[in-house]
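Per-entry structural report
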Amino acid sequence: MRAVRCERQGPPEEMKLVELPDPVAGPGEAVVRLHFSGLNHRDVWIRQGLYARIQLPAVLGSDGSGIVESVGPGVDAGLVGKRAVIIPCEKWGPDPAVQGKDFLILGMPRQGTMAEKIAVPASMIVELPQQISFEDAAALPVAGLTAYRALTTRGGLRPGEHVLVTGIGGGVATLAMLFAKAMGAQVSVTSGSDEKLVKARELGAVAAANYKKPGWEKEIVAQAKKPPSLIIDGAGGDGLNNLIGASAPAARIVLYGATRMSPGKLDMAKIFFKQVDIRGTTMGTDDEFRGMIRLVAEHRIRPVIEKIFPLSQTVEAVRLLEESGQMGKILLDCRA
Ligand SMILES: NC(=O)c1ccc[n+]([C@@H]2O[C@H](COP(=O)([O-])OP(=O)(O)OC[C@H]3O[C@@H](n4cnc5c(N)ncnc54)[C@H](OP(=O)(O)O)[C@@H]3O)[C@@H](O)[C@H]2O)c1
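Notes on the structure in this doc start here.

**Topic: the overall build of the protein**
Looking only at helices and strands, the protein features ten helices and 17 strands. Scaling as 2.2 N^0.38, a compact globule of 336 residues should have a C-alpha radius of gyration of about 20 Å, and the protein matches this with 20 Å. Principal-axis analysis of the C-alpha atoms places the extent of the protein at approximately 60 × 40 × 40 Å. When burial is assessed residue by residue, the protein has 54% of its 336 residues classed as buried. In the structure as shown, the protein presents an accessible area of about 14100 Å², 53% of it carried by carbon and sulfur atoms. Distance between charge centroids for the protein: 4 Å, based on 40 positive and 36 negative side chains.

Next comes the structure, spelled out in structure tokens:
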């Protein structure tokens with residue numbers, strides 16, 4: 001089969017199209033013939049050497065949709081031929097509050113989805129509801145699961161709340177906006193791109209401001225006519241102080257990433273005086289994944305997909321992600 005392998009740390013050109021043996025379903029496993037794979041920032045961090053326990057060369061890619069082609073011993077043969085989306089992680093562990101030490105994300109060390117086929121434990125396969133296309137399904141796994149847990153389990157979102165989602169061009173961020181709206185929230189957004197702010201308004205954002213412009217926090221509060229009581233952020237950096245400043249008293253700020261690394265300083269007085277909760281979140285459990293898929297199917301949510309590249313143009317696709325050129329998700333067509 002054809003697959004894209006990250007050979008070593010370096011520029012995007014290290015993502016090479018290679019020929020590998022077809023995977024075979026072992027005991028308890030199933031082979032999925034992939035239709036689409038989705039890119040995530042994780043794929044970039046790994047190639048740049050900014051990730052834990054890197055093992056290269058490796059076929060990366062954590063998001064995948066396709067059709068179950070074969071199953072191994074001990075797996076119900078009725079799974080063959082089913083439309084499938086793959087849970088992007090395994091071994092969460094017994095405590096729904098936090099993942100255990102054996103928790104793994106698909107795509108290093110296990111072979112990822114930037115390939116024509118993949119073998120995974122059958123327990124990672126979720127049958128795709130008819131309402132969700134293969135394209136949309138491949139946009140959901142990592143970003144959708146992260147957004148869903150951030151808003152629900154960690155964020156405790158209540159209908160009617162004002163939610164601020166930062167960096168709306170991001171894969172997690174666009175889904176967080178769509179999910180929060182479906183759950184009855186009013187959603188405000190930030191972006192470094194005025195064009196993406198316009199798109200977010202078209203998708204239903206009630207307020208939108210450019211985080212590169214000083215005073216954007218006041219702008220959001222003025223447009224929405226109230227401060228956000230829940231903030232979902234994946235950027236971190238010194239901007240965390242602006243988020244604390246923008247938030248309503250007793251707000252929850254849920255952090256799922258640190259694209260801008262750690263803050264150089266932190267306004268401690270504002271955190272305790274405003275009684276703000278700062279909460280971390282990572283991916284989610286298998287039950288949360290199923291809950292996210294149900295939400296998407298019930299509300300007919302359509303993920304925002306910037307562009308679909310053929311597998312053979314993965315380098316170009318990865319460049320677009322690295323330049324933050326996208327609004328939403330970038331996909332690879334594993335059949336092209
Ligand atoms: N904990 C987890 O389980 C988990 C899961 C998924 C992702 N993550 C992490 O979360 C982050 C985002 O992931 P992703 O896949 O959604 O990334 P992505 O699609 O590459 O999006 C990154 C976005 O970050 C935004 N951004 C950049 N600088 C910003 C700033 N100063 N303030 C606000 N937003 C800023 C940009 O939005 P604009 O273009 O709108 O400016 C950009 O589009 C990454 O660091 C990733 O590693 C963590």
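**Some thoughts on helix H4 (residues 171-182)**
Taking 1.5 Å of rise per residue, twelve residues should cover 16 Å, and H4 covers 17 Å from first to last C-alpha, within 8% of that figure. Burial analysis of H4 places ten of its twelve residues in the buried class, which makes it a mostly covered element. Considered for burial, the residues of H4 that qualify are Gly-171, Val-172, Ala-173, Thr-174, Leu-175, Ala-176, Met-177, Leu-178, Phe-179 and Ala-180. Count one or two residues on from H4 and you reach Gly-184, which has phi positive near 95°.

**Considering the site of the ligand**
Surrounding the ligand, one finds 27 residues, the nearest of these being His-41, Trp-45, Ser-191, Lys-196 and Tyr-211. In the model, an oxygen atom of the ligand is placed 2.9 Å from a nitrogen or oxygen of the Gly-171 main chain. Contact between the ligand and Gln-326: an oxygen atom at 2.8 Å from a side-chain N or O atom of the residue. When isolated, the ligand has an accessible area of 920 Å², and the protein chains bury 88% of it. Of all the elements in the fold, those that place two or more residues in the shell around the ligand are helix H1 (41-47), helix H3 (141-154) and H4.

**A word on the pattern of salt bridges**
Within the structure shown, the criterion is met by 20 salt bridges. The residue Lys-329 makes a salt bridge to Asp-63 at a minimum N-O spacing of 3.4 Å. On the criterion of sequence distance, the pair formed by Lys-329 in strand S17 (residues 329-333) and Asp-63 in strand S4 (residues 63-71) is long-range, its members being 266 residues apart. Side by side, Lys-329 and Asp-63 carry an identical accessibility label, which is buried. Shared partners join several salt bridges into a network, and the residues in it are Asp-22, Arg-33, Glu-69 and Lys-117.

**Some remarks on the packing of aromatic side chains**
Under the counting rule described, the total for this entry stands at one aromatic pair. Note on Trp-92 and Phe-103: the rings are 5.4 Å apart at their centroids and 80° apart in plane angle, and the pair reads as edge-to-face. Of this pair, Trp-92 sits in the loop between strand S6 (89-90) and strand S7 (104-105) while Phe-103 sits in the loop between S6 and S7; the two residues are eleven residues apart in sequence, bridging distant segments of the chain. Neither residue differs from the other here; Trp-92 and Phe-103 are each classed as buried. Above the ring of Phe-134, the side-chain terminus of Arg-83 is found at 4.7 Å from the ring centroid.

**Some details on helix H6 (residues 216-224)**
Because an α-helix packs 3.6 residues into every turn, residues spaced three or four apart end up facing the same way. Among the residues of H6, those classed as buried are Trp-216, Glu-217, Ile-220 and Ala-224. The arc that holds every buried residue of H6, seen down its axis, measures 110°, which confines them to one face. When the buried face of H6 is taken as reference, the exposed residues oriented beyond 90 degrees from it are Lys-218 and Ala-222. Buried-residue contacts for H6 involve strand S10 (162-165), strand S11 (186-191), strand S12 (207-210) and helix H7 (239-246). Taken from the residues just after H6, Lys-225 is the one with a positive phi, measuring 65°.

Rules behind the numbers
- Residues numbered from 1 in each chain as written.
- Predicted model: local features only at pLDDT ≥ 70, side-chain atom pairs only at ≥ 80, totals over all residues.
- Heavy atoms only, no water.
- Helix = DSSP H or I, 4+ residues; strand = E, 2+ residues; numbered from the N terminus.
- Rg over C-alpha atoms; globule rule 2.2 N^0.38 Å.
- Buried < 20%, exposed > 50% of the residue type's maximum accessible area, 1.4 Å probe, protein only.
- Areas by Shrake-Rupley, 256 points an atom, 1.4 Å probe, with all protein chains shown as cover.
- Lys, Arg positive; Asp, Glu negative; His and termini not counted.
- Charge placed at Lys NZ, Arg CZ, Asp CG, Glu CD.
- Expected span 1.5 Å × (residues − 1).
- Near = heavy atom within 4 Å.
- Polar contact = N/O pair within 3.5 Å; in protein donor to acceptor, adjacent residues only side chain to side chain.
- Salt bridge = Lys/Arg side-chain N within 4 Å of Asp/Glu carboxyl O.
- Phe/Tyr/Trp six-rings, centres within 6.5 Å; stacked < 30°, edge-to-face > 60°.
- Lys NZ or Arg CZ within 6 Å of the ring centre and 35° of its normal.
- Arc of directions from axis to C-beta.
- Contact = heavy atoms within 4.5 Å.

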